[in-house]
Amino acid sequence: MEATKLLDAKGFACPMPIVRTKKAMNELESGQVLEVHTTDKGSKNDITAWTKSGGHELVKQEDENGVYKFWIKKGE
C-alpha cells in the first residue's frame, strides 16, 4: 500500500495516537493516504472509530510483532 505520509506513533498511549493522526490528516489532501504505526492496543478500536466518524476510509490494517499499522484514506 502506497502512503502519502507515514506517522510513527509507536510508544505513545491513548489519546496521543489519535491526536497525532488527526493532526497528520489535516495536512493531507482528500484521497491521500496516511500510514500510521502505533504500539497502543487501544488504537485498533480508537482509529477504526475515529476514521468512520471523520468521514475517512480505513483501507488496510495489519498487526506486525506488536506494531499496529493502519492505512487511512482522507475523505472529502
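Every chain's residues receive numbers from 1 upward, in the order its sequence appears when written. For a predicted model such as this one, the threshold for reporting local features is a pLDDT of at least 70, and the threshold for listing and counting side-chain atom pairs is 80 or more; totals across whole chains, interfaces and linings nevertheless cover every residue. Note: side-chain values were computed over all heavy atoms of the structure, leaving out hydrogens and water.

Per an unreviewed UniProt entry, the protein carries the name Sulfurtransferase TusA family protein and comes from Cytobacillus citreus.

Student: Quick rundown of the overall build of the protein? Include the residues and the values.
Tutor: In terms of helices and strands, the protein carries 2 helices and 4 strands. Each helix and strand of the protein, placed in order from N terminus to C terminus, yields the pattern β-α-β-α-β-β. Against the 2.2 N^0.38 benchmark of 11 Å for 76 residues, the protein shows a C-alpha radius of gyration of 11 Å, consistent with a compact globule. Among the 76 residues that make up the protein, the fraction classed as buried is 37%. The helix and strand labels rest on DSSP assignments: H or I over at least four residues marks a helix, E over at least two residues marks a strand, and numbering proceeds from the N terminus. The reference for a compact globule is 2.2 Å times residues^0.38; the radius of gyration itself is calculated from the C-alpha atoms. Exposure classes here rest on a 1.4 Å probe applied to the protein chains alone. A residue is buried below 20% of its type maximum, exposed above 50%, and partly exposed in between.

Student: Kindly report on the packing of helix 1 (residues 16–26) against helix 2 (residues 43–53), identifying the contributing residues and their values.
Tutor: To define axes, lines are fitted to C-alpha atoms, for helices over the stretch in contact only, and angles between the resulting N-to-C directions are given on a 0 to 180 degree scale. Close contact between helix 1 and helix 2 brings their axes to 10 Å; oriented N to C, the two are set at 35°. Here helix 1 and helix 2 pass one another in a crossing that is right-handed. On helix 2, the residues touching Pro-17, Ile-18, Thr-21, Lys-22 and Met-25 of helix 1 are Ser-43, Asp-46, Ile-47 and Trp-50. Only Asp, Glu, Lys and Arg are considered charged, only Ala, Val, Leu, Ile, Met, Phe, Trp, Tyr, Cys and Pro nonpolar, and every remaining residue, Gly among them, polar. Residue composition of the contact of helix 1 with helix 2, by class: 5 nonpolar, 2 polar and 2 charged. Throughout, a crossing is termed right-handed when the near helix is turned clockwise from the far one, and left-handed when it is turned anticlockwise from it by less than a right angle. The contact rule is simple, with two residues in contact once any of their heavy atoms fall within 4.5 Å.

Student: Outline the nonpolar core, listing residues and values.
Tutor: The criterion is simple. A nonpolar core is a set of buried Ala, Val, Leu, Ile, Met, Phe, Trp, Tyr and Cys residues joined through side-chain atoms within 4.5 Å. In terms of nonpolar packing, the biggest core is built from 12 residues, these being Leu-7, Ile-18, Ala-24, Met-25, Leu-28, Leu-34, Val-36, Ile-47, Trp-50, Tyr-68, Phe-70 and Ile-72. Within the residue set of this core, elements represented by two or more residues are helix 1, strand 2 (33–38), helix 2 and strand 4 (67–73).

Student: So what's going on with the environment of Asn-65? Which residues, and what values?
Tutor: As for its position among the elements, Asn-65 is in the loop between strand 3 (57–64) and strand 4. Along the primary structure Asn-65 and Thr-39 are separated by 26 residues, whereas in three dimensions their C-alpha atoms are 9.5 Å apart.

Student: Please give an account of the UniProt feature "domain: UPF0033" (unreviewed entry) in the protein that cites residues and values.
Tutor: UniProt positions are given in the numbering used here, feature names are shortened, and annotations may be inferred rather than shown by experiment. Mapped onto this numbering, the UniProt entry gives "domain: UPF0033" (unreviewed entry) at residues 7–31. Here residues 7–31 is 44% helix and 12% strand, with 17 Å between the C-alpha atoms at its ends.

Student: Requested: an account of the side chain of Lys-69, with residues and values cited.
Tutor: Looking at the secondary structure, you find Lys-69 in strand 4. With a relative accessible area of 13%, Lys-69 lands in the buried category. Each polar contact in these results corresponds to two N or O atoms within 3.5 Å; when the atoms are within protein, one needs to be able to donate a hydrogen and the other to accept it, and residues that are neighboring in sequence are counted only if both atoms are side-chain atoms. Polar side-chain contacts of Lys-69 include one of 3.1 Å to the side chain of Glu-64. If near-sequence neighbours (up to four positions away) are discounted, Lys-69 is found in contact with Val-36, His-37, Lys-60, Gln-61, Glu-62 and Glu-64.

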